[in-house]
Every structure is written in C-alpha cells, then in structure tokens.
Amino acid sequence: MTGLVLLHALVAVLAPAVGARFGKRVFALTVIPSLATLVWLAVHLGDVLDGGAVTETYQWVPGLDLALSFRLDAFGALMVLLVSGIGALVVAYSAWYFPHRPDLGRFAMLLCGFSGAMLGLVLSDNILLIFVFWELTSITSYLLIGFDDTRESARKAALQAILITGAGGLAMLAGLVLIGQQSSGGTWSLDEIVHNAPSEGAVMSWAVVLVLAGAFTKSAQVPFHMWLPGAMAAPTPVSAYLHSATMVKAGVYLIARLAPAFADVGLWRELTAGVGVATMIWGAYRALRQHDLKLVLAFGTISQLGFLVALFGWGDSKLLFAGTAMLLAHAFFKAALFMIVGVIDHQAHSRDLRRLSGLGRRLPATAIIATLAAASMAGVPPLLGFMSKEAGFLGFADSLHSGADLVLAGLVVGSILTTAYTARFLWGAFAVKPGAEDPIGAEVDRPLPPLIIPAGLLAVASLVGGLYAPLADELVRPAAAALHEPAGEYHLHLWPGFTLPLLLSAVALMGGLALFALRRPVAALQRKVAVDNGADDAFFALYNATLRAAARITRIVQPGSLSFYLSAVLITFAVVPAIVMMGDWEVPDGAVWAESPFQAVIGVIVTVGAVGATLTRRRFAAVLTLGTVGYGVAMLFVVQGAPDLALTQFLIETVVLVLFLMVLRRLPERFAPRRTSSLRAAHALVALGVGAFVFAMALASLAARTERPLGHEMSEVAYAEGGGRNAVNVILADIRAFDTMGEIVVIAVAAIGTAALVRAGRARRDDEAVPDEIRAGVGVDDGGDGR
C-alpha cells in the first residue's frame, strides 16, 4: 500500500517533464498508478470481501507512536475502487477533453497527486496519518481549482476552498488528538479506536464536535458549503473526480468510519442528522435556481452529500448499509453527469441551459447516457440510486431513535427537490426550447466516442447494479459489515413490495415532476426571496474584515522599531514564567557563588564589559566591550575544565567580532541619540528586569532539580554508543543530530539569503552608476564605421 502511494508521488513528479515533451500522451503515464492500484485491489478483493484485512505498518516516530499504518478492509476496498477506478476513467477522459496546451504536464501532476493523497487517506489506519493525507487532498485540490490561475475567479475559488477546508482540518486534528488520548491504551489506530470506543464524557463530546466540524467543511455541509460551487472554476475532469470519488467524499468517509462507535456520544447524531438534512434541502433548492449545468450539478452534489451524512451519521446498521449503497451509486451517477456536462461544453462551447436547445437530437448517445445517470440520481427504478434511496428511507422508518421520523420527512422533501432539479438538468441540456434566445444546438458536432465512453461505463454500471441487485450486494454488504458487522445482514432489493419506502419514493418522484412542471411560478417565487451569493458574500466579507483587523493590529504591534520588538519578546519571556515561579521560589541549599578566585575575577570582567556595552555611544567601542563578555564566558569554560567548549566560544566570538567590524565600516561612528529620557528609563527597566529574572530562574532551577542531570547520561553513552571520547561532539553529531542539521540548514539559508541581498544591492548600485547616455546608447564609440 505504501508502494502504491509512492508510485502516485513518483509519477506526479515525472509528469511535468513528460507533458512538456509528449503533450497529451502524458495521461498514458498518469493512468498507470490507478491501473496498478486496481490490479492490486483485484488480487486482495476476495480476501477482504470475506471479512479479512490487509495491513501494513512502518514505524515513523516510535516515541510518539506515529507510524505509517495502512489497512485495507471491505469498506476501504470500496473506496479504493472508486478512487482508482473513477480516477482511471477521468484520466482517460482528460486525454480527449483537453486540446494540446503547454501546461498539461502540470495538470497531470496535480491530478495524479490528488489521486494518491485520497488513496492514502482511505487506506490509512493511523488517525494522525489520516490528517496528513487529509491536508494533502486540500492542498492538491487548491492547486487544481486554481489551475487556470490567470482568471481571478479561479484564484478566489481556490483560496476560499483551502481556507474553509484548512480551518476545518485544524479543528478535526484537535478532535482526533483528543480521541487518541482518551482511547484505550492511547492508541492512534482507527480500527482499534472504533472497536474499543473511548468512554463518554465532556472531552469526548467536544472531540466529536471538532471532528465533525472538519468533516462538514470537507464535505461542503451547511454552513460551510459555499466553497464547492466555486470549485467549478476547475476544469471539468477535476469536477467529475472531486465531486464523485475524492475530496468531498473524505468527510463522508470519516463519518462512516467513526459513526458506529460515536453515534451516541455527545451531539454526534443530532449534528449529523440536522446538518445533513438541512444541507440536502438547501443544496437541492439552490440547484433549481442555477442556469449553468455545472452549477446545477454542484449544488446537487451538496444536496447528495447531505443525504450521505444523514445516513452514515445516524449510526444504525440499516442506515450504514444504505449509506454504503448510496456512496457507490452517487459516485457512479455524479462522475458520469459531470463528464456529460464536459462533453456538452466541449462540443457546444456553452453550459447555459437557457441557450442549449435540441442537443438531444444532435447528441443521442450523450443524451441516453445522461438520462440513465440522472435517473439514478433522482431514484428512478431500476437504477442503483433507487435501491439505495429505498434502503435509506427504510432505515429511518424502522429506526428506534427519537427524531427519526422528522429526519425521514426532511429526506423526502430533499428527494422531491432532487427529482425537480434532475428534470431541470435533463430539460436544460437536451430539450428543444422554441423560445430560447440565441439558441445553441443545431450546428453542434457529435463528440468522438472516447469522450463519452467513460461516462457511458459509469451509467451502465448504475443500470446493471440496479437490475442485478445481488451483484451490487456482493460489494455493498461486506463493505457495510466492515463498518459495523450487523450492517452486513441486509440486502438491496429492486422490488421490495408495497412498502412505506416505496410510497415515499413515489411521492418524491411525483412531487419533483410536479415541481418541475410548475417551474415558471417556482422560479418567480425564488426570484422574490433570493439572496444572490449570500454565503459567498458573507465569507468574503468576513475574510476582508479579518485582513483589515490584521492590518490594524500589525500597525500597532509592529511599528518598525527593533527596540520595541526586542522589549516585547524579553518582557514576555520574563513576566510569564515569573508569575508561575513567584509562588514557589527558593534559593538552593549550599549554593556556591564562586568555586575559585578566578571565577570571581572573570565574573567582574564580564559584568564590566556588559555595562560598558550599554553606556558607550560609539559603535566600535560597543562591539569591543561586547566581545569582552563573550571571551569572558569562554574563560569560565576553561576554568571549569571544558576546553572544547571554550575553543568553540572563542571561535564564535572571533567570527562575530570580525563580522561586526566589517559592517561597522558602512555605519555611522556613533549611535543615534535616544529620543527621550523616559524611553531610556524604560529600556533600562526592561534590561534590569530581564537580568533579575534570568538570575532568579537559574537559582530556582538549581533548587528544583530532583533527578540526575541528563548530561551525565549523555556523557556515559557518548563513547559506548556514539564511538567518540568527546562527549560534546557526540551530542552534537549523534544524539542531537537532527537538531544540529536543522541549525546548519537555517544558517545556510540565512547565509544564502544574505548573499543574494548583497549581490542584488551591488548590482543595483552598479546599474545606477552607468551614465544615462550610455544606457540609452548615445555617444558610444561605434568604431568609426557607423554601424
């Protein structure tokens, strides 16, 4: 499993170079990871459908119990099938959708990385690793949404998406950490947490709210839904993939995994049901107002995600089964429909349903595929979507939990609206509209077969899954059982008999068609109560207000004064610990102020140097007196018997002194005069306060020691395990190797940056020194030949 994720990463890295050289043929490379994943899944599918699991663990940070833990069970297999199966179809679709353009390599790289991040998410068993891949999907989706970065709308949509999902991700991380800490044995394994759920309590109640906040933002639930319609700025293949099998399914996936264990904890069930139903109704209502076919589907996706959140979040066995079936059905019909919209846009160069007219006659195969997929979305028999929705209605009808009837009523209302916007989508895309202004359709050419085959395969899968229910059952039942074993006892039925769910399905279909038939008065009513872009306006108003507040605060706390910044840092450094220390401060027993006269003499020299550095007005004198302090400290190391530390200190002080002197050549001889006596007094007060605190803190640290100093242990293992007699060198190069490497990197980066600034400044000065007439080419000796 790790190899598959790394394969996606490797191909993503190679894609830009391949795309630059071979153009659209780069998609032949980027489809390889998805196909390899499907082959690997086929090898293990039989075992996981029988209840087994494939696991893989690599220790990452053992001290934090952080491991690269992957686990494939039947539900994971379903998700891998969707991520890689639909991913492969989207890549194939992209090869025929895009014209030749120079940035296809970059697109292929992002698409492959996006697929790999989602694959890692659904296979991860460590909840912290889930967060890592969660954020990777946010980053790659941000880059995909803003792929056409020359358009402001794409940049704004990408920014909105990553801010909302990123904020939710941080909340989710806090919730996952709380769950991990409260779990039995402090485990971070998702499988162990679900099967050994932590006990209820205030901490767990807050933890599930935080986790749900992350899931809601990722799966575009009200009131965090506004980013998803904006994501339509991405190319259509990205929309097809993002809306069906990846980004938006991440939140649903997490809810599905955790619901069996946490449905009864805190406000989990109330939040998932309430937010899910509200999202389903609101998304479907907004879909009825859109004129862009892509936006109709985008708001439809929001609605369907709300349906899935309500199903999985309830936590009952029947509803976990129904949610699993709907997850599969939704991926099939939504990917197919977005691909169809891409076909229409590719051929007609428009997605405006007010202008499209007669495409059903011009593109019959496209219309048939769209009708099959849309019928599944509306829950029309004998499609897979019908059986899934029936199972959901049945689950809530049979639920014993309070509020189930109210949720069921909300889902029926949402289903009525779903049928209405489905009919509107098909009418808008393919119907003849005699009164259309500037109609498009009569001259549209038929698409090449490879452009519609991916959508056709998904639409046929929806039909076959409905007509042959046992075939879909073979995948859905084990997947649901992997979430909660009793959920695997249920079955999909094409004809369940005359039952309440069948009646509710009929009400949804008839009510939706009636609503579509009354579309003109409905549209007039919507215009009266509409608030255009209300959620978007609210988001960007909050965003701009945050930027303005940040600018005001920055002007206050960062006035451009180095002394102000240093004072703020030092005061914080001294005051906060001092408040804690004041209640229990004591001088250690038997404190020795100086072990020898040499230490006392050196201490006096260091003190005199420090005082001299603060009193002198000349920069050169200040550097020399400050160097006296450093050399004095080095002498203390010598007296204490640490010549290696003393040598290091001598070298550092010498280098710093030389650098100071080099810089002082270009600075005034004297310091600038202090502006006021009160400012000098404030600086003196800060300096004395910090010095007193450091002195008191050193004494308190000596008095508070209860364990053997760690340095003794390091010295003991320096030779035995580090192979070196110099304990300091072993500590720096072995025991604290990563710290040392980090410090070296920081210094190297700072040096490179400084050198670059110096070179830039020198080049600018040289350019300014060139006379204007030479820069303009006037008066230059041309050698006398006039050329």
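See the structure shown above.
Quick caveat: nothing in here was measured; it's all calculated off a predicted structure.

Draft legend 1. Just the overall build of the protein, in detail. The helix and strand tally for the protein stands at 33 helices and two strands. Each principal axis of the C-alpha distribution contributes one length, and for the protein these read about 100 × 90 × 55 Å. Residue burial in the protein is summarised as follows: out of 787 residues, 46% are buried. Of the roughly 38,500 Å² that the protein leaves accessible, carbon and sulfur atoms contribute 66%. In the protein, 54 positive and 56 negative side-chain charges are present, and the distance between their average locations comes to 12 Å.

Draft legend 2. Seen up close, the nonpolar core. Counting 188 residues, the largest nonpolar core has Leu72, Phe75, Trp227, Phe262 and Phe312 as its most contacted members. Of all the elements, helix α15 (residues 317–348) adds the most residues to this core, at 21 residues. When sequence neighbours within four positions are dropped, the list of residues in contact with Phe262 reads Ile179, Ile193, Pro198, Met204, Val208 and Trp268. Listed in part, the eight residues of the second largest apolar core include Ala574, Val686, Val690 and Ala696.

Draft legend 3. Representation of the environment of Ala718 in the model. Structurally, Ala718 is set in helix α30 (residues 710–720). Between the C-alpha atoms of Ala718 and Met226, which are 492 residues apart in sequence, the distance is 58 Å. Discounting chain neighbours no more than four positions away, the residues touching Ala718 are Gly723, Gly724, Ala727 and Val730.

Draft legend 4. Quick peek at the pairing of strand β2 (residues 66–72). Counting buried residues along β2, five of its seven residues qualify, which places the element largely inside the surrounding structure. Relative to β2, strand β1 (residues 54–61) runs antiparallel, the two being bridged by seven bridges. Across the sheet, Tyr58 pairs through a bridge with Leu68, a residue of β2.

What counts and how
Residues numbered from 1 in each chain as written. Predicted model: local features only at pLDDT ≥ 70, side-chain atom pairs only at ≥ 80, totals over all residues. Heavy atoms only, no water. Helix = DSSP H or I, 4+ residues; strand = E, 2+ residues; numbered from the N terminus. Buried < 20%, exposed > 50% of the residue type's maximum accessible area, 1.4 Å probe, protein only. Areas by Shrake-Rupley, 256 points an atom, 1.4 Å probe, with all protein chains shown as cover. Lys, Arg positive; Asp, Glu negative; His and termini not counted. Charge placed at Lys NZ, Arg CZ, Asp CG, Glu CD. Core = buried A, V, L, I, M, F, W, Y, C linked by side-chain atoms within 4.5 Å. Contact = heavy atoms within 4.5 Å. Pairing = 2+ DSSP bridges.

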